[in-house]
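One letter stands for each residue in the lines below.
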Amino acid sequence: MKATDIAHLLQQEPSLTEVTTRGWVRAFRSNRFIALNDGSTINNIQCVVNFENFDEDVLKDITVGAAIEVKGTLVESQGQGQKVEIQVSAVEVLGKADPEEVKLTILSPKRHSLEKLREQAHLRVRTNTFGAIMRVRSKLSFAIHEYFQKNGFNYMHTPIITGSDAEGAGEMFKVTNLDIKNTPLHEDGTVNYKEDFFEKETNLTVSGQLEAETFAMGLGKVYTFGPTFRAENSNTSRHLAEFWMIEPEVAFNDLADNMDLAEDFIKYVLNYALEHCADDLEFLENRLLQEEKSKPQAERSEMALRDKLKFVLENNFKRVSYTEAIDILKRSKPNQKKKFKYLIEEWGADLQSEHERFLVEKHFKCPVILFDYPAKIKAFYMRLNDDGKTVRAMDVLFPGIGEIVGGSQREERYDVLKEKMAAMDISEEELHWYLDLRKFGTCVHSGFGLGFERLVLFATGMGNIRDVIPYPRTPGNASF
Ligand code: ATP
Ligand code: MN
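Just so you know, these numbers come straight off a predicted model, no measurement behind them.

Caption draft 1: Up close: a nonpolar patch on the surface. Together, Ile160, Ile161, Phe197 and Phe198 line one region of the surface with nonpolar side chains, adding up to about 380 Å² of accessible area. Here Phe197 lies in the loop between β8 (174-175) and β9 (202-204). Using a relative accessible area of 58% as the deciding quantity, one classes Phe197 as exposed.

Here is the structure:
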């Protein structure tokens, strides 16, 4: 007989037909009640065994962590919280779990810290918390594709190994198969990349934007959703060395259209999570409440997790120019009282996470889109405004996270782009193909990058980006 997922069984009505299911034992009480979980839902199904009818040898192997298969009928549950349970007629232990070792780990009285679990992949995936996060992550991925596909975007795969290093100077991981103990050198001592696999210097991509722009210039609306790599040594709870990024790029969209797209897109996928991950979000909401109990009142969230998500759906993101933001920050209490680590002295300052979070969490108390940043602190490809000193950049800032999206209207004017590249010392030779776009039917176009893990952080209420990705890569850590 085919086995049925526990998620499906829990939705069925009691019935006399026999069912089969498989999973891992979460608890076995009184030699009678097995709590079984198979990862299809955060909920366990209760399996009731009449121990008189079973071999003692089998019962003794039903321990926490063991993989088992049970057959039985779905009967009305006596317990609370679920409609049905399995009255077991047969049970088979598929994979034993050493009770002593399990005791030291899963059952350890002091709940395993999230840090410790990151080193124990096999246990991590069995915890309610991580299971819930990964199911939400999966649903969000699907929602992202659904949103773009429904709206006429083409999914494109940008290269992971890239030959252009225009953007990420200093932050890129090198790709080479030269023998590092015996690198071929030029006479002046520099590495001779002609001898390398690609016969030139190559890196892991920091963004697929420039390549996506090329495709938008023929396919109109495109998006990428792939891994990106940054060798930035930022040991924060918001940065990974390997993370997933979603980058839509749209021909004929200006900055206002770009903001509309970002807002509509984020709302769509968060709404999808609310509708499709109800049990997991409820669990994560309670987890967060528990965790925050140990914090001082002032540091606790004002809203429960799902209320926070609904709040984002129901309210417009506040659109504020960089110049307005600087005025607000200059006049703000933490600036006046010198509480910011980086004080805002004048127009032109780069905004730090503390400033972004002040604007979102204390001042506007809603998601904020900052736009029209000083050209000096933004990338070369952003469109120059008529004032000659600001560019059509936008960052979407979220409570608890800071920057979640960075984007812009792109500079579509050949001469202006060429000038800016020269001023910022960006090699024309390297980016001739990018400049060419501006020579053959150039047009206004815009796009943005959303860091997927930052979105998952927000949706799950977790505090550290390392806990929302299966195998985090950070400075000094690439286990598994
Ligand atoms: P930050 O200032 O937070 O480092 P950034 O300005 O470097 O971000 P962009 O280059 O604009 O970010 O990248 C687009 C998006 O990718 C960001 O808005 C963020 O959501 C995400 N992102 C950037 N760097 C990382 C990272 N190291 N780990 C995870 N997500 C990241
Ligand atoms: Mn960065």
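Caption draft 2: Inspection of the sheet that holds strand β14 (residues 390-398) at higher detail. The strand order β6-β10-β11-β16-β15-β14-β13-β12 describes an open sheet built from 8 strands, whose pairing is mixed. In this open sheet, the two strands that pair with only one neighbour each are β6 (154-155) and β12 (318-321). Against the sheet, helix α8 (residues 255-276) engages β11 (242-251), β12, β13 (368-374), β14, β15 (402-409) and β16 (445-451), with an angle of about 15 degrees to β14.

Caption draft 3: View of the pattern of salt bridges. According to the stated counting rule, one finds 25 salt bridges in the structure shown. Among the salt bridges present, the one from Asp260 reaches Arg319, with a minimum N-O distance of 3.0 Å. Remark: Arg319 occurs in strand β12 and Asp260 occurs in helix α8; sequence separation between them is 59 residues. Its relative accessible area of 42% is what places Asp260 among the partly exposed residues.

Caption draft 4: Quick look at the packing of aromatic side chains. One pass over the structure, following the stated rule, counts 21 aromatic pairs. Ring geometry for Phe398 against Phe458: centres 4.7 Å apart, planes inclined by 80 degrees, an arrangement best described as edge-to-face. Taken together, the residues span a long stretch of sequence, with Phe398 in strand β14 and Phe458 in helix α16 (residues 452-460) at a distance of 60 residues. Residue Phe398 shares its accessibility class with Phe458, and that shared class is buried. Looking at Lys378, its charged tip hangs above the ring of Tyr373, at a distance of 4.2 Å from the centre. Seen from the ring of Tyr434, Arg438 lies directly overhead, with NZ or CZ sitting 4.1 Å from the centre.

Parameters and conventions
- Residues numbered from 1 in each chain as written.
- Chains lettered and ligands numbered in written order.
- Predicted model: local features only at pLDDT ≥ 70, side-chain atom pairs only at ≥ 80, totals over all residues.
- Heavy atoms only, no water.
- Patch = residues over 30% accessible without salt bridge, like charges linked within 9 Å, V, L, I, M, F, W, Y side chains within 5 Å.
- Areas by Shrake-Rupley, 256 points an atom, 1.4 Å probe, with all protein chains shown as cover.
- Salt bridge = Lys/Arg side-chain N within 4 Å of Asp/Glu carboxyl O.
- Helix = DSSP H or I, 4+ residues; strand = E, 2+ residues; numbered from the N terminus.
- Buried < 20%, exposed > 50% of the residue type's maximum accessible area, 1.4 Å probe, protein only.
- Pairing = 2+ DSSP bridges.
- Contact = heavy atoms within 4.5 Å.
- Axes fitted to C-alpha atoms, helices over the stretch in contact; angles between N-to-C directions.
- Phe/Tyr/Trp six-rings, centres within 6.5 Å; stacked < 30°, edge-to-face > 60°.
- Lys NZ or Arg CZ within 6 Å of the ring centre and 35° of its normal.

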